[in-house]
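Observations on chain architecture
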Protein chains: 2
Amino acid sequence: MTAPFDFTPLLAPGTPAPAVKWTGFPKYNFIGGHNDAKHVPVDALIAAATAVLKREGATLATYGLNSGPLGYRPLREFLAGKLKGHAGIECAPDEILITSGSMQGLDLVNSLLLARGDTVLIEQETYGGALTKLTRLGVNAVGIPLDGEGLRLDLLEQKLDELQAKGVKPKYIYTIPTVQNPTGAIMGEARRAELLKIAAKHGVMIFEDECYSDLIWNGQRPRSLYAMAGGEGVIHIGSFSKSIAPALRVGYIVAKWEVLGRILGLKQDAGSGALEQMILAEFCRQHFADHVPKLAKTLAAKLQTLREALAEQFGTAAEFGDPPGGIYLWIKLPDNVDTVKLGQAALAAGVSLNPGPEWSTNKEHARSRLRLCFANPEPETIKQGVAVLAEVCRREFGVPLRSANVDSAKT
Amino acid sequence: MTAPFDFTPLLAPGTPAPAVKWTGFPKYNFIGGHNDAKHVPVDALIAAATAVLKREGATLATYGLNSGPLGYRPLREFLAGKLKGHAGIECAPDEILITSGSMQGLDLVNSLLLARGDTVLIEQETYGGALTKLTRLGVNAVGIPLDGEGLRLDLLEQKLDELQAKGVKPKYIYTIPTVQNPTGAIMGEARRAELLKIAAKHGVMIFEDECYSDLIWNGQRPRSLYAMAGGEGVIHIGSFSKSIAPALRVGYIVAKWEVLGRILGLKQDAGSGALEQMILAEFCRQHFADHVPKLAKTLAAKLQTLREALAEQFGTAAEFGDPPGGIYLWIKLPDNVDTVKLGQAALAAGVSLNPGPEWSTNKEHARSRLRLCFANPEPETIKQGVAVLAEVCRREFGVPLRSANVDSAKT
């Protein structure tokens, strides 16, 4: 027998805690960015796989297919067209880099610009994964409070001036301007123009994340920051995770070639998965424009189911808005509720949720807030899950005061 | 018009040079790990895609499908079986992490163990991508010379003692023991046992890379280091890039759960591409065992074509072995040939090659050596490409002395 080997003295300093073993999804899955299973376009994906592999399957024999390191060219061509029609972005296929999910987009942009000790500005409530990455990098992430339209520019300018006085030049302003995560806010075009002016004045890059912008109930959106700036001083990322399926790890970066060429120099992974890219490109060319509004319609209905269930189960104890798109609802519970603790107790009862503090730079402000993703559970599961959550919350924190009504108690 | 934005003052220190725009593959493509296009199993991949999507397509709606963050479970189950039969590895599916190519495997293992200033031991001639990553990380990669069976253990021990005397404890010994890249060497089982003893004695981890081990002409191979150590003190990585297709970015890490759980804690990418994993698992379960020997037979024949072409065009000026597997031939040219310069001149003539210094820690030793990948070009293209290479080499360095013979001059 081989003697046990203790590898722990060899670990790099600061290695995060080990992962726990995965034991399956909870019954009521309100976590992460999971999506609607009935809307995965299975038949069309099979048709796309068949067509594209028949035509080009042999190109799998070379790294990057026949498209080079930026990614499968027909997918970049599709994106160039979609981004133009949708976000107003004029870019060439060679100004788009396909990434393994927008997570890799975040990593690459961070690698390009950030060193330990650097400062960035981000929305006070923001994507938890972005925060985790910044913490790991030893970067100072300064949160700017939001209002119903997103970033508060008065507070942004104040912070920029403050930092300047201290001799600190932030590297970028990270924003999700179109269906903000987690609040769902859409920043109007006037505020976008003002934001661009402020960033240019301070010589700070804008890092625009548009992962959710395809999912807007009425299909209306302002032009992207990248479009409005003609790409100057802006790096734009996006994803197919929310519009098609999250298990597909396909995202993209849009940037001027001077910037993108440098990012490409950092991307040492021999390309992103070819089958994902090929099948997606073939599917999207034919079906993207039809698929997305159908998915959005279902999501809009699920959002209303969630809002009604919360109103029914929590009464006035839960405060929330009516986001114009996306897959998340950001909810405020009474001040005495600690959503980290609530999350643990709820998970034991089969309900997963994202506690506010993981999605905010202001842990105190976010303490009694939480994010629920309504895209994955079916409507009946949403109702049941919210009833269970209310019961757990009442048991742990004494709110909501009234007990669940007869209808939901039946479930 | 938006004013141009100068982003260069914002760049992280040490950012590598920008990439150059890709302009297509060269006519004679002997670079990288490209594979045989005729052996991409297109029809079987279509059948696999159809079957698996029909059965499980709806699971694309959740991150990680229904398998959790280690990757698609049927693929891990296939791998557990294959690794047992092939490499002698006894492991559970939960001791396998699917990665986005073995490149991500390298990145994750490096993240787990390495900090700037650390030291690792590697084979003097080794995978260039591994060297690049170590350089980026600021890690001291100490090369150990090879013989026909791989790592020279006498020199390895000597170096370990030397480092110990200086108070330096290396983090790992990186080795490609089974079809070494670039030399093609296979380390015998006795030497493997000795290597394990040395590593354990010095408390150094072994990092075993078996990307090429499926492609052995006679199908015979020693047990893997991981198998022989019962997984203690060894991390094993592998890939489907060489056995199926390089554009698929699917690799894997095998490690004891104590180690793998820590690696998983570092893997912040929301999983690897689901379509790649699903289609691959479905294909492999039915066809892997038949597919690989057929591919290997073609590759073995291409190797002989390359060896004959080199003998014909370079005569005694080119020295090379007869590797028992893989996709590479490691070649020594006369001492006056600088293969970095040869590579540039050859590329201008349509021939791509990997200059030795990029694949070695000993730049002087590797100066007149180069690596050719014989897997992608068709036999006739191999012959023509070698003739062009000989012509360029003669023009630039005066060798080979004799001119190409009549047969090859016709091409």
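The rules behind these values
- Residues numbered from 1 in each chain as written.
- Chains lettered and ligands numbered in written order.
- Predicted model: local features only at pLDDT ≥ 70, side-chain atom pairs only at ≥ 80, totals over all residues.
- Helix = DSSP H or I, 4+ residues; strand = E, 2+ residues; numbered from the N terminus.
- Rg over C-alpha atoms; globule rule 2.2 N^0.38 Å.
- Buried ≥ 20, exposed ≤ 12 C-beta atoms within 10 Å, placed from the backbone.
- Contact = placed C-beta atoms within 7 Å.
- Pairing = 2+ DSSP bridges.
- Axes fitted to C-alpha atoms, helices over the stretch in contact; angles between N-to-C directions.
- Nonpolar A, V, L, I, M, F, W, Y, C, P; charged D, E, K, R; others polar.
- Expected span 1.5 Å × (residues − 1).
- Arc of directions from axis to C-beta.
- Least-squares fit on C-alpha atoms with pLDDT ≥ 70 in both.
- pLDDT = per-residue confidence, 0-100.
- Domains from an automatic or database assignment.
- Parallel < 35°, antiparallel > 145°, perpendicular 65-115°, else oblique.
- Left-handed = near helix turned anticlockwise from the far one by under 90°.

What about the overall build of chain A?
In terms of regular secondary structure, chain A is built from 13 helices and 15 strands. Compactness check: chain A gives a C-alpha radius of gyration of 22 Å against a globular reference of 22 Å for 411 residues, within 12% of the reference. Counting only C-alpha atoms, chain A reaches 65 × 60 × 60 Å along its principal axes. Scored against the burial criterion, the 411 residues of chain A give a buried share of 56%. For chain A, contacts bridging at least 24 residues in sequence account for 76% of all contacts bridging at least 6.

Here we look at the pairing of strand β9 (residues 234-239) of chain A
Residues and elements named next belong to chain A. Most of β9 sits out of view: 6 of its 6 residues are buried. Side chains of β9 alternate between two faces, with Val-234, His-236 and Gly-238 and Ile-235, Ile-237 and Ser-239 buried alike. Where strand β8 (residues 205-209) meets β9, 4 bridges bridge the pair, whose relative direction is parallel. Residue Glu-208 lies in a different strand from β9, and its bridge partner there is His-236. Direction of pairing for β9 relative to strand β10 (residues 251-254): antiparallel, over a ladder of 4 bridges. By the bridge assignment for β10, His-236 is matched with Val-254.

Things to note about the environment of Tyr-127 of chain A
All names here are of chain A. Its place among the elements puts Tyr-127 in the loop between β3 (119-123) and α4 (128-137). Given 23 C-beta atoms within 10 Å, Tyr-127 falls into the buried group. The sequence separation of Tyr-127 and Leu-195 amounts to 68 residues, and the corresponding C-alpha distance is 20 Å. Residues in contact with Tyr-127, not counting those within four places in the same chain, are Ile-176 and Asn-181.

Concerning the sheet that holds strand β7 (residues 172-175) of chain B
Working definition: the strands of a sheet are paired by backbone hydrogen bonds and lie parallel or antiparallel to each other. Residue and element names in this part refer to chain B. Reading across the sheet, the 7 strands line up as β2-β10-β9-β8-β7-β3-β4 and stay open at both edges, with mixed pairing between neighbours. Sheet topology places β2 (96-99) and β4 (140-144) at the edges, where each strand pairs with a single neighbour. Between one strand and the next, the sheet's axes are offset by a mean angle of 20°, whatever the strand orientation. Of the strand pairs in this sheet, β2 and strand β10 (residues 251-254) are connected by 4 bridges, and their pairing is antiparallel. By the bridge assignment for β10, Ile-98 is matched with Tyr-252.

Some words on the interface of chain B and chain A
Every contact between the two is made by 84 residues of chain B and, on the other side, 84 residues of chain A. When contributions to the side of chain B that touches chain A are tallied by element, the ones reaching two or more residues are α1 (42-56), α3 (101-113), α4 (128-137), α8 (257-266) and α9 (274-314) of chain B. Among the elements that make up the side of chain B that touches chain A, the one with the highest residue count is α1 of chain B (7 residues). In the side of chain B that touches chain A, the residues fall into 47 nonpolar, 26 polar and 11 charged.

Here's the deal with helix α1 (residues 42-56) of chain A
Helix length check: α1 of chain A (15 residues) gives 21 Å between terminal C-alpha atoms against 21 Å at 1.5 Å per residue, within 8%. Of the residues making up α1 of chain A, those classed as buried are Leu-45, Ile-46, Ala-48, Ala-49, Val-52 and Leu-53 of chain A. One side of α1 of chain A holds all its buried residues, which, seen down the axis, span an arc of 165°. Away from its buried face, by an angle of more than 90 degrees, α1 of chain A presents the exposed residues Asp-43, Lys-54 and Arg-55 of chain A. Residues of α1 of chain A that are buried in the fold lie against α9 (274-314) of chain A together with α1 of chain B.

Re the environment of Ala-49 of chain A
By the secondary structure assignment, Ala-49 of chain A is in helix α1. With 25 C-beta atoms counted inside 10 Å, the residue Ala-49 of chain A sits in the buried group. When near neighbours in sequence (up to four residues on either side) are disregarded, Ala-49 of chain A contacts Ile-279 of chain A together with Ile-46 and Ala-49 of chain B.

Thoughts on the relation of the copies chain B and chain A
Note on the identical chains: chain B maps onto chain A by a rotation of 180° and an axial translation of 0.0 Å, with an RMSD of 0.0 Å. This pairing of chains is accounted for by a two-fold axis. The share of interface residues of chain B whose copies in chain A are also at the interface is 100%, consistent with both copies meeting through the same surface.

Some words on the sheet that holds strand β11 (residues 319-320) of chain B
Spatial strand order, β11-β12-β15-β14 (chain B): 4 strands in an open sheet with antiparallel pairing. Edge positions in the sheet fall to β11 and β14 (354-355) of chain B, since each of these pairs with one other strand and no more.

Some points on the confidence of the model for chain A
Residues and elements named next belong to chain A. Confidence in the prediction for chain A averages 95 pLDDT; 97% of positions are at 70 or higher. Every residue in residues 404-411 scores below 50 in pLDDT, and together they form 13 contacts with partners more than four places removed in sequence or on other chains. Scoring the predicted complex yields pTM 0.95 and, for the interface, ipTM 0.95.

Comments concerning the domain arrangement of chain A
All names here are of chain A. As far as domains go, chain A holds domain 1 (24-40 + 292-410) and domain 2 (42-287). Computed over C-alpha atoms, the centres of domain 1 and domain 2 are 27 Å apart. Opposite the 25 residues of domain 1 that make contact, domain 2 presents 25 residues. Among the elements of the structure, α9 and β12 (328-332) are those that each provide at least two residues to the side of domain 1 that touches domain 2. Per-element tally for the side of domain 1 that touches domain 2: the top contributor is α9, with 5 residues. Taken together, the residues of the side of domain 1 that touches domain 2 sort by class into 13 nonpolar, 10 polar and 2 charged.

Things to note about the packing of α9 of chain B against helix α12 (residues 379-397) of chain B
All names here are of chain B. Across the interface, α9 lies against α12 with an axial gap of 9 Å and an inter-helix angle of 30°. Here α9 lies roughly parallel to α12, going by the angle between them. Here α9 and α12 pass one another in a crossing that is right-handed. Taking contact as the criterion, the partners of Lys-302, Thr-305, Leu-306, Ala-309, Leu-310, Gln-313 and Phe-314 in α9 are, on α12, Pro-379, Ile-382, Lys-383, Val-386, Ala-387 and Ala-390. Considered class by class, the residues forming the contact of α9 with α12 number 9 nonpolar, 2 polar and 2 charged.

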